[in-house]
Amino acid sequence: KRFIRVQTLVLPTSTSVASLFRGSCSDAVISLMLKQAALNRLSAAWDPKKMERQLSEETVNILHAYRVNCATSTAAAQLILPEALKQLPLLILSIFKLPGFKVSSDVRVDERMAALLRYLTLPVARVPPLLYPRIVGLHNLTEVAGQATGVGEE
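Fair warning: this is a prediction, and the values are worked out from it, not measured in the lab. (Residues numbered from 1 in each chain as written. Predicted model: local features only at pLDDT ≥ 70, side-chain atom pairs only at ≥ 80, totals over all residues. Heavy atoms only, no water.)

> Could you give an account of the overall build of the protein, with specific residues and numbers?
Summing up its helical and strand segments, the protein has six helices and zero strands in all. Listed by position from the N terminus, the elements making up the protein come as α-α-α-α-α-α. The C-alpha atoms of the protein give 21 Å as radius of gyration, which overshoots the globular expectation for 154 residues (15 Å, by more than 25%). Across its three principal directions, the C-alpha atoms of the protein cover 65 × 60 × 40 Å. Per-residue burial over the protein gives 25% buried out of 154 residues. Total accessible area on the protein is roughly 11,800 Å²; 58% of this is exposed by carbon and sulfur atoms. Mean positive and mean negative side-chain charge positions of the protein (18 and 12 charges, respectively) differ by 13 Å. (Helix = DSSP H or I, 4+ residues; strand = E, 2+ residues; numbered from the N terminus. Rg over C-alpha atoms; globule rule 2.2 N^0.38 Å. Buried < 20%, exposed > 50% of the residue type's maximum accessible area, 1.4 Å probe, protein only. Areas by Shrake-Rupley, 256 points an atom, 1.4 Å probe, with all protein chains shown as cover. Lys, Arg positive; Asp, Glu negative; His and termini not counted. Charge placed at Lys NZ, Arg CZ, Asp CG, Glu CD.)

> Residues and numbers for a nonpolar patch on the surface, please.
The grouping of Leu39, Leu42, Val109, Met113 and Leu117 at the surface amounts to a nonpolar patch, some 450 Å² of accessible area in total. Element by element, the count of residues in the nonpolar patch is highest for helix H5 (residues 109–121), at three residues. Within the element layout of this structure, Leu39 appears in helix H2 (residues 26–42). (Patch = residues over 30% accessible without salt bridge, like charges linked within 9 Å, V, L, I, M, F, W, Y side chains within 5 Å. Salt bridge = Lys/Arg side-chain N within 4 Å of Asp/Glu carboxyl O.)

> I'd love a proper account of the packing of aromatic side chains, names of residues and values included.
A full pass over the atoms with the stated rule returns two aromatic pairs. Seen from their ring centres, Phe21 and Tyr66 are 5.2 Å apart, and the 75° between their planes marks the pair as edge-to-face. Residue Phe21 is located in helix H1 (residues 17–22), and its partner Tyr66 is located in helix H3 (residues 48–70); the two are separated by 45 residues in the primary sequence. Summarising the aromatic geometry, the rings of Phe101 and Tyr119 are spaced 5.7 Å apart at their centres and angled 15° between planes, so their arrangement reads as stacked. Taken together, the positions of Phe101 in the loop between helix H4 (88–96) and H5 and Tyr119 in helix H5 put the pair 18 residues apart, joining distant regions of the chain. Residue Phe101 is classed as buried on the basis of its relative accessible area, which comes to 3%. In this structure Tyr119 comes out as buried when scored by relative accessible area, which is 1%. (Phe/Tyr/Trp six-rings, centres within 6.5 Å; stacked < 30°, edge-to-face > 60°.)

> Could you give an account of the nonpolar core, with specific residues and numbers?
Counting residues in each nonpolar core, the largest one holds 27 residues, and the members touching the most others are Ile30, Leu34, Leu55, Ile92, Ile95, Phe101 and Tyr119. Those elements that provide at least two residues to this core are H2, H3, H4, H5 and helix H6 (127–131). Contact partners of Ile95, with chain neighbours within four places excluded, come to Ile30, Leu34, Leu55, Phe101 and Leu131. (Core = buried A, V, L, I, M, F, W, Y, C linked by side-chain atoms within 4.5 Å. Contact = heavy atoms within 4.5 Å.)

> Residue-level account of H2, with values.
Over its 17 residues, H2 extends 24 Å from the first C-alpha to the last, a length consistent with the 24 Å expected when each residue adds 1.5 Å. Among the residues making up H2, those that are buried are Ser26, Ile30, Ser31, Met33, Leu34, Ala37, Ala38 and Arg41. Angularly, the buried residues of H2 cover 165° about the axis, an arc narrow enough to put them on a single face. Residues of H2 that are buried make contact with H3, H4, H5 and H6. (Expected span 1.5 Å × (residues − 1). Arc of directions from axis to C-beta.)

Structural data, given as structure tokens:
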């Protein structure tokens, strides 16, 4: 016997661009852009300047679409960003700093390829920790934090 499993899924749709930006997720957007950049990096005709220009243009197009469709009543010189995508420019700049996209000889070829393949397989939830800076509040540390403990010393 053969069985076929049929699953149906109902998702809300919208014709309003404002609701699209309101419901957008910066983690999903940046994950998609990272995976597209990694695929482009693996192609034979990769140009780092072209990749930077392409990612920057995609970011500008997203923010321009928000400006044109959702924030038309504000002053032309005022920078308007959607609430969900306020960190998008920072995250795009973080992509350029990843080992898979560095052009310098500091990163070996096998490390670069391993990083690129890892970027392609990362789930959306693992992309932000890859790009966000690690910040530790110094005011929360105890008096002994950062001092030698003697563990592991011989």
